[in-house]
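# Understanding the architecture of this molecule
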Amino acid sequence: HMETKMTEVEERRFKLLQKVYETWLPPTPVLKNRDIDIPNGMVAYISCSDVHDYKYNVRIISYDDFFTSEDNFEKTEVGEIIASYESLEELVIAGWMLD
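About the cut-offs
- Residues numbered from 1 in each chain as written.
- Predicted model: local features only at pLDDT ≥ 70, side-chain atom pairs only at ≥ 80, totals over all residues.
- Heavy atoms only, no water.
- Helix = DSSP H or I, 4+ residues; strand = E, 2+ residues; numbered from the N terminus.
- Rg over C-alpha atoms; globule rule 2.2 N^0.38 Å.
- Buried < 20%, exposed > 50% of the residue type's maximum accessible area, 1.4 Å probe, protein only.
- Contact = heavy atoms within 4.5 Å.
- Areas by Shrake-Rupley, 256 points an atom, 1.4 Å probe, with all protein chains shown as cover.
- Core = buried A, V, L, I, M, F, W, Y, C linked by side-chain atoms within 4.5 Å.
- Pairing = 2+ DSSP bridges.
- Axes fitted to C-alpha atoms, helices over the stretch in contact; angles between N-to-C directions.
- Polar contact = N/O pair within 3.5 Å; in protein donor to acceptor, adjacent residues only side chain to side chain.

## Observations regarding the overall build of the protein chain
Assigned secondary structure in the protein chain consists of five helices and five strands. Its C-alpha atoms give the protein chain a radius of gyration of 13 Å, within 12% of the compact-globule value 13 Å for 99 residues. With the C-alpha coordinates of the protein chain rotated into their principal frame, the extents come out at 40 × 30 × 20 Å. Evaluated residue by residue, the protein chain yields a buried proportion of 39% over its 99 residues. Excluding contacts between residues fewer than 6 apart, the proportion of contacts in the protein chain whose partners are at least 24 apart in sequence is 52%. When the accessible surface of the protein chain is split by element, carbon and sulfur atoms take 53% of a total near 6300 Å².

## Let's talk about the nonpolar core
Counting 17 residues, the largest nonpolar core has V58, Y85, L88, L91 and W96 as its most contacted members. Going through the elements one at a time, helix 1 (8-23), strand 3 (56-62), strand 4 (80-85) and helix 5 (88-93) are the ones with two or more residues in this core. Excluding anything up to four places from it in sequence, L88 contacts F14, L17, Q18, Y21 and Y56. Core analysis: the next-biggest nonpolar cluster, separate from the first, contains five residues, V30, V43, Y45 and I61 among them.

## What to know about the sheet that holds strand 3
Strand order in this open sheet of five strands is 4-3-2-1-5, and the pairing throughout is antiparallel. Edge strands, defined here as strands with exactly one partner in the open sheet, are strand 4 and strand 5 (96-98). Averaged over all pairs of adjacent strands, the angle between strand axes in this sheet comes to 40°, irrespective of strand direction. Pairing of strand 2 (residues 42-45) with strand 3 involves four bridges; the strand directions are antiparallel. Bridge assignment links Y45 to a residue of strand 3, and that residue is R59. In the packing of helix 1 onto the sheet, contacts are made with strand 1 (30-33), strand 3 and strand 5, and the angle to strand 5 comes to roughly 60°.

## Digging into unusual backbone geometry
A cis amide bond, omega -10°, links L25 with the succeeding residue P26. For P26, the location among the structural elements is in the loop between helix 1 and strand 1. One non-glycine residue, W24, adopts positive backbone phi at about 60°. Tracing the sequence through the fold places W24 in the loop between helix 1 and strand 1. W24 sits in the partly exposed class, given a relative accessible area of 43%.

## Regarding the side chain of R59
Looking at where R59 falls in the secondary structure, it is placed in strand 3. Of the polar contacts made by the side chain of R59, one reaches the backbone oxygen of E77; its length is 3.4 Å. Residues contacting R59, with those up to four places away along its chain left out, are V43, A44, Y45, S47, D50, T76, E77, V78, G79, E80, I81 and I82.

Purely geometric numbers; function is a separate question.
Following this line, the structure appears as structure tokens:
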């Protein structure tokens, strides 16, 4: 297992995300990544149950389903996984950050 050193910026992003996992706020964090194009009209996020279970899956669903749908909890729980990581560090080093 190779030790990966995070940059200061990554360290800050990591701490922000770590707080989300500890407090569950926001319950369904929205992410962005300057190296990965999220399709137009889609939102990248981590589902509520993944945060709760300390899983690091980046999912996408449509903007409308995420922000305006009545049953958005059900919809966000089954969004398509576009990236999966073993740890929060890996997720951050891959370029993901809170939006």
